[in-house]
Protein chains: 2
Amino acid sequence: MARALELARRGLYSTHPNPRVGCVIARDGEVVGEGWHVRAGEPHAEVHALRQAGERARGATAYVTLEPCSHFGRTPPCAEALVSAGVTRVVAAMQDPNPQVAGRGLERLRSVGIAVASGVLEDEARELNCGFVKRMETGLPYVRVKLAMSLDGRTAMASGESQWITGAAARAAVQRLRAQSSVVLTGADTVLMDQARLTVRGNELGLDTEQTALALGRPPLRVLVDGRCRVPLDAPFFQAGAALVATASFPGLDYLAAGHQCLSVSGEGGQVDLPALLRELAARGANEVLVEAGPRLAGAFAQQDLVDEYQIFVAGKFLGSSARPLLDLPLERMSEARELRIVDIRAVGEDWRIIAKPRSAV
Amino acid sequence: MARALELARRGLYSTHPNPRVGCVIARDGEVVGEGWHVRAGEPHAEVHALRQAGERARGATAYVTLEPCSHFGRTPPCAEALVSAGVTRVVAAMQDPNPQVAGRGLERLRSVGIAVASGVLEDEARELNCGFVKRMETGLPYVRVKLAMSLDGRTAMASGESQWITGAAARAAVQRLRAQSSVVLTGADTVLMDQARLTVRGNELGLDTEQTALALGRPPLRVLVDGRCRVPLDAPFFQAGAALVATASFPGLDYLAAGHQCLSVSGEGGQVDLPALLRELAARGANEVLVEAGPRLAGAFAQQDLVDEYQIFVAGKFLGSSARPLLDLPLERMSEARELRIVDIRAVGEDWRIIAKPRSAV
């Protein structure tokens, strides 16, 4: 199963909206077939592995990181393929997280006499598809907020002077975070002030040729939260390709004319309704959403408890007490403080990355 | 030498103003004597090790973490003791850092035909005595600033509500930092607002009985920076024992009457002259100074580039953007940012500790 998960990870940058899935087929202690799902619309992991195994699949055990599907989607059901191939045992890391189908694939296999087990390395399997799992279970995507700060928790000088707080290795890590996301979401402040494009750039990913090609073949949807449509169409963000604009007002037709999508989701006080936006993005197949925004928009996500994970890149410097805060998050009492669990801290080049999850979301 | 350093570390909480020193005597590949310096006025590491070795020291090699002394202090010179014992080879981790005596101990040994080497595990030896080394080389103590902050770089709510940001393990680590310091230094804000005493409390150290007893037998001098003598004598800080008050004005005689020491070191704008204070503390034998202060005083140390090391305890929570900053350090331009090198990050119970050193001081 560990090998199947390793295979599944090869799809980190290319399977969305589908989950990353790997499959290993073994007979008499020997691996006879391996496969992983590459991208939506193409064969699932099981099919690749069965093809490689051929006749040797008969009487073999299939290890899959996700319960084999039992329904016709864009490809025929994998459960049927396993049955036809004569596999006699199937071990899944986890059931299908969609409550409406969970267990049906395994049930189908069991009904024809195949031995079935589930729950092997389940935590790792869920982690690998945290976005897909959350979307299936709740109708919301997994929201990751990326922040870059100095050791004293500041993101930019009061003047706005900010770019390149962190080094090249941290920037490459952010590029990979973008590439694995279905959506990269930002706000008007960031796009206007930093001339940000939020694109995935192949030469900055630090991946091998195959993975780079896969990432570039399935770039994330870039979403701009711009309640009052402040960003002009000639901004680098719009020039860099088709994007989706979420507004709180009626968007101008010029966005559509220029090839962009629009979504009107108005909330309180003329702000974009972020929960509604997230639900809509999930409905469109977004598994993981990466928020790369300034303190105002990132703070709004924190304030509304919409964040599943913070990835904080920390540069070894003090920007001082006049500099801008990490998040606009005005709290008065200690009891309102947001409790987080720091799950990982490690060096990324000259900088450090802290991964923290809200305790409420854990 | 690694073993000698291990022995030296047993004196972490008790040797100041002396350095921590360990000694191992080996003959024919066998350890025949071990010793470490316990506290000032008592025998040096070499003497303990020679006593244990007895006659077996003849023809042996002595490994010492610091060049043996050649002068009469409160104890006779160790170089002579090594000569009398018949040691034929001496390996030192480092020379005596006092430029006026450096090399004389080794010279004395060489002059009587003993083989001499120096510079083995020198970095570790210097690190262990960073305060002693800095005081000898520069006339200033090693200044460590302890900070406790939330993940977004805040120390307290705007109201001042603050205590117990970090957990018990972090507080024990701070207790040990106090115990290893010659001086624990704080400001009037902290003493008035938090009712801080800055004492070493044996039951909170998390050390074994021997180390706890050593620490309590040699507590750090508590220094209060209080330019305008705002802290009343009935404050818990003064009630907890004798302290030193650094003022910018003429101190009242009541401090002295209550058993405290006073130091008038006035600088610009009615502030305490911090460099002058540090020089005076070093002159009195302070090796390591631990600054545990609020953002104003800690910020002043940062602003004046007086800090050798930051120990930042990070709690997994956000206190929000209205909360108090880590340091009062108003900077306008990115070029003024203080560059730091993060040398260590590790978990301390539920919290994390970041050790960072100013790049200028590295």
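- Chain A appears in an unreviewed UniProt entry as Riboflavin biosynthesis protein RibD from Serpens gallinarum.

## Regarding the interface of chain A and chain B
Now for step 1: Each partner contributes to the interface: chain A provides 40 residues, whereas chain B provides 40 residues.
Now for step 2: It is Leu151(A), Phe318(A) and Met334(A) in chain A that bury the most area against chain B; as a group they hold 22% of the surface buried on that side.
Now for step 3: Summed over the shared surface of chain A and chain B, the number is four salt bridges.
Now for step 4: The partner of Glu339(B) in a salt bridge is Lys317(A), with the nearest N and O atoms 3.7 Å apart.
Now for step 5: Joining chain A to chain B, the criterion identifies 10 residue pairs in polar contact (both at pLDDT 80 or more).
Now for step 6: Of all the elements in the fold, those that place two or more residues in the side of chain A that touches chain B are strand E12 (309–315), strand E13 (317–318), strand E14 (338–348) and strand E15 (351–358) of chain A.
Now for step 7: With five residues, E14(A) is the largest single contributor of residues to the side of chain A that touches chain B.
Now for step 8: Classifying every residue of the side of chain A that touches chain B by side-chain character gives 22 nonpolar, seven polar and 11 charged.
Now for step 9: Across two bridges, E13(A) lies against strand E14 (residues 338–348) of chain B in antiparallel orientation. Counted as the bridge partner of Lys317(A) is Glu339(B) from E14(B).

## Topic: the pattern of salt bridges
All names here are of chain A.
Now for step 1: Within this structure, the stated rule accounts for 42 salt bridges over all chains.
Now for step 2: Taking the shortest distance from any N to any O, the salt bridge between Arg 201 and Glu 204 comes out at 3.0 Å.
Now for step 3: Judged by its relative accessible area of 32%, Glu 204 is partly exposed.
Now for step 4: By sharing partners, the salt bridges in this structure join Arg 20, Arg 144, Glu 288 and Glu 309 into a single network.

## Considering the packing of helix H3 (residues 78–85) of chain A against helix H4 (residues 104–111) of chain A
All names here are of chain A.
Now for step 1: For the pair H3 and H4, the least separation of the axes is 9 Å and the interaxial angle reads 25°. Here H4 runs roughly parallel to H3, going by the angle between their axes. Where H3 crosses over H4, the two elements pack in a sense that is right-handed. Side by side, H3 and H4 meet where Ala 79, Glu 80, Leu 82 and Val 83 of the first sit next to Gly 105, Arg 108 and Leu 109 of the second.
Now for step 2: In the contact of H3 with H4, the residues fall into four nonpolar, one polar and two charged.

## Focus: the sheet that holds E13(A)
Now for step 1: In space, the 10 strands of this open sheet follow the order E13(A)-E14(B)-E15(B)-E12(B)-E6(B)-E11(B)-E7(B)-E8(B)-E9(B)-E10(B), with mixed pairing throughout. A single partner strand is all that each edge strand has here, and the edge strands are E13 of chain A together with strand E10 (261–264) of chain B.
Now for step 2: Sheet analysis places strand E7 (residues 183–187) of chain B next to strand E8 (residues 221–225) of chain B, joined by five bridges and oriented parallel. Within the sheet, the bridge partner assigned to Val184(B) lies in E8(B) and is Arg222(B).
Now for step 3: The strands touched by helix H6 (residues 130–138) of chain B are strand E6 (142–150) and strand E11 (288–291) of chain B; relative to E6(B), the strand with the most contacts, the crossing angle is about 135°.

## Describing the side chain of Thr166(B)
All names here are of chain B.
Now for step 1: As for its position among the elements, Thr 166 is in the loop between E6 and helix H7 (168–180).
Now for step 2: Of the residues examined, Thr 166 reaches a relative accessible area of 11% and is grouped as buried.
Now for step 3: Residues within four places of Thr 166 in sequence aside, it is in contact with Ala 148, Arg 171, Phe 313, Ala 315 and Asp 351.

## Comments concerning the packing of aromatic side chains
Now for step 1: Going through the model one piece at a time under the given rule, you end up with six aromatic pairs over all chains.
Now for step 2: Ring geometry for Phe318(A) against Tyr310(B): centres 4.8 Å apart, planes inclined by 85°, an arrangement best described as edge-to-face. Taken together, the positions of Phe318(A) in strand E13 and Tyr310(B) in strand E12 (residues 309–315) put the pair across two chains. For the pair Phe318(A) and Tyr310(B), a shared accessibility class is recorded, and that class is buried.
Now for step 3: Ring centres of Phe238(B) and Tyr255(B) lie 5.6 Å apart, and the angle between their planes is 50°; this geometry places the pair in the tilted category. Taken as a pair, Phe238(B) in helix H10 (residues 236–239) and Tyr255(B) in helix H11 (residues 253–257) lie far apart in primary sequence, 17 residues in all.
Now for step 4: We classify Phe238(B) as buried; its relative accessible area is 4%.
Now for step 5: An aromatic cluster is present here, built from Phe237(A), Phe238(A) and Tyr255(A) joined pairwise through their rings.
Now for step 6: Over the ring of Phe237(A) we find Arg222(A); its NZ or CZ atom is 4.5 Å from the centre of that ring.

Conventions used here
Per-chain numbering applies: the sequence of each chain, read as written, is numbered from 1 onward. All chains are assigned letters beginning at A, and all ligands numbers beginning at 1, according to the order in which they are written. Residue-level local features of this predicted model are given only where pLDDT is at least 70; pairs of side-chain atoms are given and counted only at 80 or more, and the full residue set underlies all totals for whole chains, interfaces and linings. Only hydrogens and water are set aside when side-chain values are computed; all heavy atoms of the structure are taken into account. Working rule for contacts: check all heavy atoms of both residues, and any pair within 4.5 Å makes them a contact. Throughout, buried area stands for the accessible area (probe radius 1.4 Å) lost by two parts on being put together, summed over both. We define a salt bridge as a contact between a side-chain nitrogen of Lys or Arg and a carboxyl oxygen of Asp or Glu at a distance within 4 Å. Residues adjacent in sequence count toward polar contacts only when both atoms are side-chain atoms; beyond that, a polar contact is any pair of N or O atoms within 3.5 Å, and within protein one must be able to donate a hydrogen and the other to accept it. Numbered from the N terminus, helices here are DSSP runs of H or I no shorter than four residues, and strands are runs of E no shorter than two. Residue polarity follows a fixed list, in which Ala, Val, Leu, Ile, Met, Phe, Trp, Tyr, Cys and Pro are nonpolar, Asp, Glu, Lys and Arg are charged, and the others, Gly among them, are polar. Strands are treated as partners if at least two bridges between them are detected by DSSP. Whether a residue is buried, partly exposed or exposed follows from its accessible area with a 1.4 Å probe, protein chains only, as a fraction of its type maximum: under 20%, in between, or over 50%, in that order. To get an axis, fit a line to the C-alpha atoms, keeping to the stretch in contact for a helix; angles then go from 0 to 180 degrees between the N-to-C directions. Any angle between 65 and 115 degrees counts as roughly perpendicular, while under 35 counts as roughly parallel, over 145 as roughly antiparallel, and the rest as oblique. Should the near helix be turned counterclockwise from the far one by less than a right angle, the crossing is left-handed, whereas a clockwise turn marks it as right-handed. Only rings of Phe, Tyr and Trp enter the pairing, Trp through its six-membered ring, and a pair is recorded when the two centres are within 6.5 Å. The plane angle decides the type: under 30 degrees is stacked, over 60 is edge-to-face, the rest tilted. Put simply, a charge is over a ring when the Lys NZ or the Arg CZ is close to the ring centre, within 6 Å, and near the line of the ring normal, within 35 degrees.

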